[in-house]
Protein chains: 2
Amino acid sequence: MSKIDTLHDLFLEELRDLYHAENQILKALPEMEEAAHSADLKIAFNEHRLQTETHVQRLETIFQTLDVPAKGKTCKAMKGLLAEAKEHIKEKAASAVKDASLIAAAQRVEHYEIAGYGTVRTFAQLLGYNESVELLQQTLNEEGATDQRLTALAQGLNLEAMVAADSFGNGSR
Amino acid sequence: MSKIDTLHDLFLEELRDLYHAENQILKALPEMEEAAHSADLKIAFNEHRLQTETHVQRLETIFQTLDVPAKGKTCKAMKGLLAEAKEHIKEKAASAVKDASLIAAAQRVEHYEIAGYGTVRTFAQLLGYNESVELLQQTLNEEGATDQRLTALAQGLNLEAMVAADSFGNGSR
């Protein structure tokens, strides 16, 4: 049985899950940047990596405020998400299709973080940890903005390149 | 190497991932409902189960439109997410803390779906599959509403019950 007795415990566990997730993402983003074809997508992955470094630092600040060591807790879901991203990195596909698959994987990762940060922000509110609320909300806003940027990039993918490569799609379904 | 050559292929793969995810969620929701303490949370899980049945049917309609059999593709990330939800179900915790952990798990699942449906909606737009766009957007809106409902439930959790059970939180961090 787990030792999650209190909301404070649960808050810490969720922070550790996010800390692990962010550090895993930090390792994966350069590979995603390299695999991307579109210059805009490469830039988006690169800028998100820089942003992720800030997110890690914010979590470290919160751990410090709570007087606990900054440590991660392996998260099965994030391992699965990043394993899938790596499959997309290795896939052979037309350039725009490849980019579409990388965006799909990245948005799943973003939404994992949006859910996770939304949760810890709400827990911090309930616990009255106001400094933490502010830091977590900043990260949450940035993750949301990244997700919207990725949606815009997906919508702007070069349709002609994909339709030319698409031997099944007939545009009428 | 995978056989994702075209955006149509990728669209199908993503639909199969969601079809598997929805069916897994359908099995997990009754357990989450049973483990929840608050009546409102039980109702939310129950109503989301009914909604999920509709989401499965919509995916089946789309598979039919595309002339392919409705089948799922095992998704490592969703397996991880639901394994974590099951850990929360088994955890011993004060009732409000337990509910908080169930909401945290459910929101991660919701956001996985929001990311997934956002992706397939955008792909369907690019491919000109207009009927599919409409069905996927309906589900996307419902997943978003469920996520907001869960946030509201988390914010309304009985703080006193959690603070009383909380031997570490001092409300000043």
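Residues numbered from 1 in each chain as written. Chains lettered and ligands numbered in written order. Predicted model: local features only at pLDDT ≥ 70, side-chain atom pairs only at ≥ 80, totals over all residues. Heavy atoms only, no water.

1. Considerations on the overall build of chain A
Filter applied, for reference: Strands are runs of DSSP state E lasting at least two residues, helices are runs of H or I lasting at least four, and both sets are numbered from the N terminus onward. Each residue is placed in one exposure class: buried if its accessible area under a 1.4 Å probe, protein chains only, is under 20% of its type's maximum, exposed if it is over 50%, and partly exposed if it falls in between. Here, residues are in contact when the closest pair of their heavy atoms is within 4.5 Å. Surface exposure here means Shrake-Rupley accessible area, sampled with a 1.4 Å probe, where a residue is shielded only by the protein chains that are shown.
Across its full length, chain A holds six helices and zero strands. The secondary structure elements of chain A, listed N-terminal to C-terminal, are α-α-α-α-α-α. The proportion of buried residues among the 173 residues of chain A is 55%. When contacts within chain A are restricted to residue pairs at least 6 apart in sequence, long-range pairs at least 24 apart make up 78% of them. Here chain A displays about 7100 Å² of accessible surface, and carbon together with sulfur accounts for 49% of that area.

2. Quick word on the confidence of the model for chain A
All names here are of chain A. This is how the line gets drawn: pLDDT measures the predictor's confidence residue by residue and takes values from 0 up to 100.
Taken as a whole, chain A shows an average pLDDT of 89; of its residues, 90% reach a score of 70 or greater. Ranking the elements of chain A by mean pLDDT puts helix α6 (residues 159-165) last with 56 and helix α2 (residues 39-65) first with 97. For residues 164-173, every residue scores under 50 in pLDDT, and the model assigns this stretch 25 contacts once sequence neighbours within four places are set aside. Both scores are available for the predicted complex, with the pTM at 0.89 and the ipTM at 0.86.

3. Concerning the nonpolar core
The condition is simple: Only buried residues count toward a nonpolar core. Its members are Ala, Val, Leu, Ile, Met, Phe, Trp, Tyr and Cys residues joined through side-chain atoms within 4.5 Å.
Counting residues in hydrophobic clusters, the biggest one holds 110 residues, and the most contacted among them are Phe11 and Leu15 of chain A together with Phe11 and Leu15 of chain B. Not counting residues within four places of it along the chain, the set of residues in contact with Leu15 of chain A comprises Leu59, Ile62, Phe63, Leu66, Val120 and Leu136 of chain A.

4. Here we look at the environment of Ile89 of chain B
All names here are of chain B. Along the chain, Ile89 turns up in helix α3 (residues 76-90). The spatial distance from the C-alpha of Ile89 to the C-alpha of Met32 is 6.7 Å, given a sequence separation of 57 residues. Not counting the four nearest positions on each side in its chain, Ile89 is found in contact with Glu31, Met32, Ala35, Lys98 and Leu102.

5. Let's talk about helix α4 (residues 95-127) of chain A
All names here are of chain A. Note the cut-off: By this rule, a helix spans an expected 1.5 Å times one less than how many residues it contains.
When the terminal C-alpha atoms of α4 are compared, their 48 Å separation across 33 residues agrees well with the 48 Å that a helix rising 1.5 Å per residue should span. In terms of residue burial, α4 counts as a mostly covered element, since 31 of its 33 residues are buried. Phi turns positive one or two residues past the end of α4, at Gly128, with a value near 75 degrees.

6. Looking at the packing of α4 of chain A against helix α5 (residues 130-155) of chain A
All names here are of chain A. Our working rule: To obtain each axis, a line is fitted to C-alpha atoms, and for helices this fit is confined to the stretch in contact; angles are then taken between N-to-C directions over 0 to 180 degrees. Should an angle fall under 35 degrees it is taken as roughly parallel, and over 145 as roughly antiparallel, whereas 65 to 115 is taken as roughly perpendicular and any remaining angle as oblique. Crossing handedness: left-handed means the near helix sits turned counterclockwise from the far one by under a right angle, and right-handed means the same turn made clockwise. Residue type decides the class: Asp, Glu, Lys and Arg count as charged, Ala, Val, Leu, Ile, Met, Phe, Trp, Tyr, Cys and Pro as nonpolar, and the leftover types, Gly among them, as polar.
Following both chains from N to C, one finds α4 and α5 inclined at 160 degrees, their axes separated by 9 Å at the closest point. Overall, the two elements α4 and α5 adopt an arrangement that is roughly antiparallel. Relative to α5, α4 is oriented so that their crossing is left-handed. A breakdown of the residues in the contact of α4 with α5 according to their chemical character gives twelve nonpolar, ten polar and five charged.

7. Looking at the packing of α2 of chain A against α4 of chain A
Residues and elements named next belong to chain A. The interhelical angle for the contact between α2 and α4, taken along N-to-C directions, is 20 degrees, at an axis separation of 13 Å. Put simply, α2 runs roughly parallel to α4. The two elements α2 and α4 meet at a crossing, and its hand is left-handed. Counting all contacts with α2, which are made through Leu41, Phe45, His48, His55 and Leu59, the residues of α4 involved are Asp99, Leu102, Ile103, Ala106, Glu110, Glu113 and Tyr117. Considering only residue class, the contact of α2 with α4 consists of seven nonpolar, two polar and three charged.

8. Notes on the side chain of Arg108 of chain A
Let me state the cut-off plainly: Any pair of N or O atoms that falls within 3.5 Å is considered a polar contact. Within protein, one atom must be able to donate a hydrogen and the other to accept it, and sequence-neighbouring residues count only if both atoms are side-chain atoms.
Here Arg108 of chain A is to be found in helix α4. Within the local environment of Arg108 of chain A, its side chain forms a polar contact with the side chain of Glu14 of chain B, the two groups lying 2.8 Å apart. In this view, Arg108 of chain A contacts Leu81 of chain A together with Glu14, Asp17, Tyr112, Ala115, Gly116 and Thr119 of chain B; residues no more than four positions away in its chain are not counted.

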